[in-house]
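What follows is each chain in one-letter form.
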Amino acid sequence: MAPKTLDPLSHPVLTARALNRATLARQLLLRRAAMSARDAVTHLVGLQAQNVKPPYVQLAARLDAFGPGELSGLMASREVGRMVTLRSTIHTHTAEDCLALRPFVQPLIERELRIFRDGLAGVDLDRLAALSRELVEEQPLPLEELKASLVERWPGADPLALSIAARCLLPLVQVTPRGLWGSSGQVTLTTAQKWFGAEAADPATPTGIAPEAAVLRYLAAFGPASVKDMQTWSRLTRLGPVFERLRDQLRTFQDESGVELFDLPDAPRPDADTPAPPRFLPEYDNLLLSHADRTRVVPLEYRKLTWNGNQGHRTFLVDGFLAGIWRLEDGTEGDAHGTLTVQSFGTLTREQRDAVAGEGVRMLGSLSSDTSPSYAVRFADFSGPGAE
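### Some points on the overall build of the chain
- For the chain, the count of helices and strands is 13 helices and 15 strands.
- C-alpha atoms of the chain, sized along the principal axes, occupy 65 × 55 × 35 Å.
- Taken over 388 residues, the chain has a buried fraction of 55%.
- Taking contacts inside the chain between residues at least 6 apart in sequence as the whole, the part at least 24 apart equals 67%.
- Working note: accessible area of the chain is about 16900 Å², and carbon and sulfur atoms make up 51% of it.

Written out as C-alpha cells, the structure is:
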C-alpha cells in the first residue's frame, strides 16, 4: 500500500539541509552552548559511552569552556553514571536519568535473554536476579567475579549467559574509577539504587519516565523526527500511539520523501543556509545513530564508510554533514602533543581544510591539561571502509 500523501499546508516540507541545521542546533553542534556538562548530559538524554573517552569528546565538541575534569568530577560525585540503556548499549546519564530511563527501555534489554536462552536452561531468573543484587550490593564486583559467583550456583549454565542475564535483569552501573578522565579501571558493577542512593523503579513494573515525556525529550535533542526515528534511537517499538497522544501538542512536517515528522512547537529550526562550522566527533556519537533516515547528517554515499567491522571510526563534520574520519597518532586525547590525522571522504577546499585543522586542534586542546598543547595536523587520503 502506497504511503498517504501529506498536505503541505499542515505538513510543510523540511529539506535535508533544513533537517540538518535543526538537528545540529538541538545537538549543540551548530553553536557551542554556554551550559554546564550536567545540563548538557540531561538535554542530550545521555552520551553514548561504549568506550571511556567518547563522552568527553562529545562535550568538547558541544560546550564552551569545557574541560574533562568537569564531567569526571560529576562521575566521581555520582551525579552521572555509566549503564546500559538506549539500544542496549552503555550510556553516560545523570543519576536521575539512569533511574528513570532504564525502566523505560527494560523491555528492549530483556529481549537479549532470548539469544542466550539455551545457556540459561534450568536457571531460575528471579533467583538469579535476587542473588546478583545481593552480591553486587554487598560490594561492587568486577564482571568476572560476578560471573564466577553465578557459575558456582548454576555450574551447568553458560557463564557468559549468566552474566548477560544479570546485566539484563538488573539496572547495573559501572562504578568509578571506570569512566574517570585520566584514570583506568575494569568494569565493576553495582545497582543503580545502591550507587546513587535512591530507589529505582522495579524493572518488573516499569514506572520510570513516561513514554510521552520520553518523546518530548527525544524531540528536544534530535528533532524534527519521525516515529521510526525515535524507535531507532531507543530500539523500542510501537511508539506510534504515544506520538498520536501528543499530536495536538506538536507541530508536524514532512521530509522530502513525504515521511511525517513531529517537533516541539518552539524548538529551534534554523534557516537551511545557516553556517555550520566543522566539528570533531568520537566513535558512536549519538548524532549518527539516532534516526532511521540518517541522510540529514550522513550522505548516502558515505553511509558505510564510518565502520570497520562493528567498530566505529571517529568522524568529523564539514558544513554540517559527515565528511571523514580522524585519529590521533603519537598520543591520545588528554596528551599535550600528537599528530591529528584527518581523512576526508571527498575533496575539501583550502578554506575548509584550514577550518577543519583549526577545529581539530581546538578540540584536542580543550581535552589537554597543558596550557600550551602542540599538535600537528596531517591530511591523508581515505582508501576504504577499513582505512587507517
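### Overview of helix α3 (residues 54-62)
- Most of α3 is tucked away, with nine of its nine residues classed as buried.
- Among the residues of α3, those classed as buried are P54, P55, Y56, V57, Q58, L59, A60, A61 and R62.

### A few points about the environment of S183
- Relative to the assigned elements, S183 resides in the loop between β5 (172-174) and β6 (188-191).
- A relative accessible area of 40% places S183 in the partly exposed class.
- C-alpha separation for the pair S183 and V57, spaced 126 residues apart in sequence, amounts to 16 Å.

### Looking at the sheet that holds strand β14 (residues 337-344)
- Taken together, five strands build an open sheet; the order of strands is β9-β12-β13-β14-β15 and the sheet is mixed. Looking along the sheet, the strands with just one partner apiece sit at the ends: β9 (279-281) and β15 (374-381). Pairwise comparison of adjacent strand axes, ignoring direction, gives a mean angle of 30° for this sheet.
- Across the face of the sheet, helix α13 (residues 350-366) comes into contact with β9, β12 (314-318), β13 (321-329), β14 and β15 while running at roughly 135° to β15.

### Some points on the pairing of β15
- When β14 meets β15, the two strands line up parallel, connected through eight bridges. Its bridge partner lying in β15, Q343 is registered against A380.
- Regarding topology, α13 serves as the crossover connection from β14 to the parallel β15, and that connection is right-handed.

### Observations regarding the confidence of the model for the chain
- Taken over all residues, the pLDDT of the chain has a mean of 93, while the share at 70 or more is 96%.
- Every residue in residues 200-206 scores below 50 in pLDDT, and together they form ten contacts with partners more than four places removed in sequence or on other chains.

### Remarks on the environment of G360
- Mapped onto the secondary structure, G360 falls in helix α13.
- Measuring from C-alpha to C-alpha, the distance between G360 and D158 comes to 45 Å, with 202 residues separating the pair along the chain.
- Once residues within four sequence positions are removed from consideration, G360 is found in contact with F280 and L340.

### Considering the packing of α3 against α13
- With their axes 9 Å apart at the nearest point, α3 and α13 run at an angle of 125° to one another. Classified by the angle between their axes, α3 and α13 sit oblique to one another. Considering the relative orientation of α3 and α13, their crossing is right-handed. Two secondary-structure elements touch here, α3 through V57, A60 and A61 and α13 through R362, M363 and S366.
- Partitioning the contact of α3 with α13 into residue classes produces four nonpolar, one polar and one charged.

### Brief notes about the sheet that holds strand β4 (residues 141-142)
- An order of β1-β3-β2-β5-β6-β4 is seen for the six strands of this open sheet, with the pairing classed as antiparallel. In this open sheet, the two strands that pair with only one neighbour each are β1 (47-48) and β4.
- Across five bridges, the pairing between strand β2 (residues 80-84) and strand β3 (residues 90-94) is antiparallel. Across the sheet, the residue bridging to V84 is I90, located in β3.
- Across the face of the sheet, helix α6 (residues 125-138) comes into contact with β4, β5 and β6 while running at roughly 110° to β6.

### Focus: the pairing of β14
- The element β14 is largely enclosed, with a buried count of seven among its eight residues.
- Alignment of β13 against β14, held across six bridges, turns out to be antiparallel. Looking across to β14, one finds that E329 is bridged to T339.

Criteria and cut-off values
- Each residue is numbered by its place in its chain's sequence as written, counting from 1.
- The predicted origin of the model limits local features to residues at a pLDDT of at least 70 and limits the giving and counting of side-chain atom pairs to 80 or more, whereas totals for whole chains, interfaces and linings rest on all residues.
- Where side-chain values are given, they derive from all heavy atoms of the structure, hydrogens and water being excluded.
- Every helix listed is a DSSP run of H or I at least four residues long, and every strand listed is a run of E at least two residues long, numbered separately from the N terminus.
- For the exposure calls, accessible area comes from a 1.4 Å probe over protein chains only, and a residue counts as buried if that area is under 20% of its type's maximum, exposed if over 50%, partly exposed in between.
- Contacts were defined at the residue level, with two residues in contact if any of their heavy atoms lie within 4.5 Å.
- All accessible areas in this document rest on Shrake-Rupley with a 1.4 Å probe, and a residue is counted as covered only by the protein chains that are shown.
- Whether two strands pair comes down to DSSP finding at least two bridges between them.
- The axes are straight lines fitted to the C-alpha atoms, using for helices just the contacting stretch, and the angles between their N-to-C directions are given from 0 to 180°.
- If you view a crossover with the strands going away from you and the path from the first strand over the helix to the second runs clockwise, you call it right-handed.
- Summary of the metric used: pLDDT quantifies the predictor's per-residue confidence within the range 0 to 100.
- Here roughly perpendicular refers to angles of 65 to 115 degrees, roughly parallel to angles under 35, roughly antiparallel to angles over 145, and oblique to all remaining angles.
- In this scheme, a crossing is called left-handed if the near helix is turned counterclockwise away from the far one by less than a right angle; it is called right-handed if the turn is clockwise.
- Throughout this entry, Asp, Glu, Lys and Arg are counted as charged residues, while Ala, Val, Leu, Ile, Met, Phe, Trp, Tyr, Cys and Pro are counted as nonpolar. The remaining residues, Gly among them, count as polar.

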